[in-house]
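One letter stands for each residue in the lines below.
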Amino acid sequence: MNSANFEFLANLLLKKSGHVLSPEKGYLLDSRLGPIARKEGLSSVEELVQSMRTGNDQRLSWAVTEAMTTNETFFFRDRTPFDLFKSEVIPHLAENRRPGSKARIWCAAASAGQEPYSLAMILREERSALRGVQMDILASDISDKVIEKAKAGLYSQFEVQRGLPVQLLVKYFQKQGDLWQVDPSLRQNISFKTFNLLNSFQTLGTFDVVFCRNVLIYFNQQTKTDILNRIASRLAPDGFLFLGAAETVLGLTDAFEPVAGKRGLYKRKAIAQAKVA
Amino acid sequence: MKHCLVVDDSRVIRKVACRILEDMEFSCIEAEDGQQALDKCRQAMPEAILLDWNMPVMNGIDFLKALRNESGGDKPVVVFCTTENDMGHITEALRAGANEYIMKPFDSDILSAKFAEVGLI
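Note that the coordinates shown come from a computational prediction; the quantities given were computed from them, not determined experimentally. (Residues numbered from 1 in each chain as written. Chains lettered and ligands numbered in written order. Predicted model: local features only at pLDDT ≥ 70, side-chain atom pairs only at ≥ 80, totals over all residues. Heavy atoms only, no water.)

Looking at the interface of chain B and chain A
Cut-off, in case you're wondering: Note on definitions: a residue-residue contact is assigned when non-hydrogen atoms from the two residues lie within 4.5 Å. Buried area: the accessible surface (1.4 Å probe) lost by two parts on joining, summed over both. Any carboxyl oxygen of Asp or Glu within 4 Å of a side-chain nitrogen of Lys or Arg constitutes a salt bridge here.
With 20 residues of chain B at the interface, the matching set in chain A holds 17 residues. In total, about 1,500 Å² of surface goes out of reach between chain B and chain A, with carbon and sulfur atoms giving 56% of it. It is B:Met87, B:Met103 and B:Glu117 in chain B that bury the most area against chain A; as a group they hold 37% of the surface buried on that side. Scanning the region where chain B abuts chain A turns up one salt bridge. Close ionic contact of B:Glu117 with A:Arg79 constitutes a salt bridge, the shortest N to O distance being 3.0 Å.

Some thoughts on the domain arrangement of chain A
Residue and element names in this part refer to chain A. Defined as follows: An automatic or database domain assignment supplies the start and end points of every domain. Polar contact is defined as a pair of N or O atoms within 3.5 Å, subject to the rule that within protein one atom must be able to donate a hydrogen and the other to accept it, and that residues adjacent in sequence are counted only when both atoms are side-chain atoms. Each helix is a run of DSSP H or I of at least 4 residues and each strand a run of E of at least 2, with the numbering of both proceeding from the N terminus.
Segmentation of chain A into domains returns domain 1 (3–67) and domain 2 (80–276). If you average the C-alpha positions of domain 1 and of domain 2, the two centres end up 30 Å apart. Listed per partner, the contact involves ten residues of domain 1 and nine residues of domain 2. For the pair domain 1 and domain 2, the summed buried surface comes to about 840 Å²; carbon and sulfur atoms form 55% of the total. Among the residues of domain 1 in contact with domain 2, His19, Trp62 and Glu66 are the three that bury the most area, contributing 50% of the side total. Counting the contacts that link domain 1 with domain 2 gives zero salt bridges. Summed over the shared surface of domain 1 and domain 2, the number is five residue pairs in polar contact (both at pLDDT 80 or more). Those elements that place two or more of their residues in the side of domain 1 that touches domain 2 are α1 (3–17) and α4 (58–67). The greatest single-element share of the side of domain 1 that touches domain 2, amounting to four residues, is contributed by α1.

See the structure below:
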């Protein structure tokens, strides 16, 4: 792709999704955007970008932005965060929230739903440990397409075999033709929403736990800092943040501190403490 | 090194599975049907068994039931690996004492994910 076209595309993605398109990611262009080019009746990705530069087709820019986001995920991905959710977060909330009150979890890059459904399964399995605290999940993602898939809760045989113990498959899924569908009762406490992390979080309410895993890696430093600070402002003072295994708050914000010995788990730093530090 | 008994009537499947398992540092023993598998288990119980369902002579589920009645037969971790992919077969396998269940086709990602699930790796 010629450099003017590449630059146009990189700017578009940065503006629409905050994602950084570095030249090393160039190899993704053909596989991700080829299908869109063909659908538009264009012969190449080059031609697609050229036509975007001349026209101002918002629908097309959005389709391209969406196609460039990565939605790789699976049930109980990386396992540790889910173990920590069970061993640290649930006991803390059971202790510090009134029985009958509602606590809220936000899966900020929920992709096709595996993360929120994994959490919903844990909540169900650990119901007695919650001591009457109700937990609702907001599952959001920038991509309409994956949120639609998440809502439907339909997964291929391949998807239900990555990370999901067969005992949970039997308990919480039903077979629909060649696919497997999450039990409707598991979907009850999850709401799904298309949401761009660059937009204001004001409308989302506040949360007790935020999962924001494997999405900051796509943003530049400034956007990472901004998103982390805005998450902090929506999080209860004793709330928890989960980041991906390759992500950190270090050097980005003082709003959070890592929980010692608990990889990927962060707590809000108390304001007085932050000032002293 | 842990031992895995690979039970499948297809030589090709056994070969593919063994190659993946050897990369996961298992040493593999092969059996073509449930009866052969039971004989091998009576000689030495493996740590893991990857088990097909439909086989001549003795099928996978009958083998599993017989295994669990053997002395020391509760020890091996049994992972079914079969084209049978309906809820009925899966629950029957779990009731008979299977620890995990792989629906074919499988690849190294699924095999290692399932083996990790049951603590074999």
